[in-house]
Amino acid sequence: MHQLNSVLDQCQAVWEDWNDQTVAGRIALLQLWSDSVAARGDDFAKAAKMIRFQCESAQRLLDKVHELPGPTGETNELYTAGRGTVAITGDAVLTSAALCGQLAAALVAGNCVVVSVEDTHADKVDAVLADLIKAGCPDRVAMRVGIDALSDLLAHPHVVGLATTGTKEHVRDVNRQLAQRQGVIATLVAETDTEQYPVIGRPDYVLRFVTECTRTINITAVGGNATLLELGSGEH
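No experiment lies behind these values; they were computed from the predicted model shown.

Undergrad: I'd love a proper account of the pattern of salt bridges, names of residues and values included.
TA: Side chains that differ in charge, positive against negative, can pair when their charged atoms come close. Within this structure, the stated rule accounts for five salt bridges. Where D126 meets R144, a salt bridge forms, and the shortest distance between an N and an O atom there is 2.7 Å. Of the two residues, D126 sits in helix 5 (residues 119–134) while R144 sits in strand 5 (residues 142–145), which places them 18 residues apart along the sequence.

Undergrad: Can you lay out the sheet that holds strand 3 (residues 85–90) for me, pointing to particular residues and giving the numbers?
TA: Spatially, five strands are ordered 5-4-3-6-7 in an open sheet, and the strand pairing comes out parallel. Two strands in the sheet have a free side with no partner beyond their single neighbour: strand 5 and strand 7 (187–191). Strand-to-strand twist of the sheet, defined as the mean angle between neighbouring strand axes without regard to direction, takes the value 20 degrees. One ladder, built from five bridges, connects strand 6 (residues 159–165) with strand 7; its direction is parallel. Bridge assignment links T164 to a residue of strand 7, and that residue is A190.

Undergrad: Break down the pairing of strand 5 for me, citing the residues and quoting the values.
TA: Where strand 4 (residues 112–116) meets strand 5, four bridges bridge the pair, whose relative direction is parallel. Bridge assignment links V114 to a residue of strand 5, and that residue is M143. In the classification by handedness, the crossover that spans strand 4, the intervening helix 5 and the parallel strand 5 is right-handed.

Undergrad: So what's going on with the packing of aromatic side chains? Which residues, and what values?
TA: Evaluated as defined, the whole model comprises one aromatic pair. When the ring of Y205 is compared with that of F209, the centres are 5.3 Å apart and the planes differ by 75 degrees; the resulting orientation is edge-to-face. The class for F209 is buried, based on a relative accessible area of 3%.

Cut-offs used in this document
- Residues numbered from 1 in each chain as written.
- Predicted model: local features only at pLDDT ≥ 70, side-chain atom pairs only at ≥ 80, totals over all residues.
- Heavy atoms only, no water.
- Salt bridge = Lys/Arg side-chain N within 4 Å of Asp/Glu carboxyl O.
- Helix = DSSP H or I, 4+ residues; strand = E, 2+ residues; numbered from the N terminus.
- Pairing = 2+ DSSP bridges.
- Axes fitted to C-alpha atoms, helices over the stretch in contact; angles between N-to-C directions.
- Right-handed = clockwise from strand over helix to strand, strands pointing away.
- Phe/Tyr/Trp six-rings, centres within 6.5 Å; stacked < 30°, edge-to-face > 60°.
- Buried < 20%, exposed > 50% of the residue type's maximum accessible area, 1.4 Å probe, protein only.

The quantities given are spatial measurements derived from coordinates; they are silent on function.
As structure tokens, this is what we get:
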């Protein structure tokens, strides 16, 4: 438990800086990552395509600030931000494509990630995370812990959501664990089809990992000084 707390504290420490990077900047980094993943051979070709797909979705859906109507002298903007630290797991059916799709969507949205998988998948996770660091991602943004820490990870208040790939039985099990959490509700995003990827392959999948924020600037304040109000989650 002490090691898990240390990992989550490290993620929390770098999350604000990662979240404050532009969506375009995160996309550029993850595209470099996809090139490294693709270079690992045929087994990772689909994983690299999944990373690029999530980047394309983010560019279309997240890389824009929307102007909202408001009274004269006031600007109102709608934008997205990451939610915090997302847990990623999966059972024996977890594939490289599913793993990288979940990682890419959570990261490009501005979240940190902690991965906890069976030992049979550990080498695969370590390989893609090493490629992520080589691409320029800060080393504490995405980390792995042992499968024995999964229950504590899902119960931890720093974790804002879980992305998982597995059988329906596996999904029910982790969903029950999330339901027993105290405090803030953590969202579950689950994929059970590793042939067609109907969830991870959705064009709006990346939206599962963001929160909406609004920014209001009033330039008609007393003395002509602008006042700023931002609403969202976390540091926002």
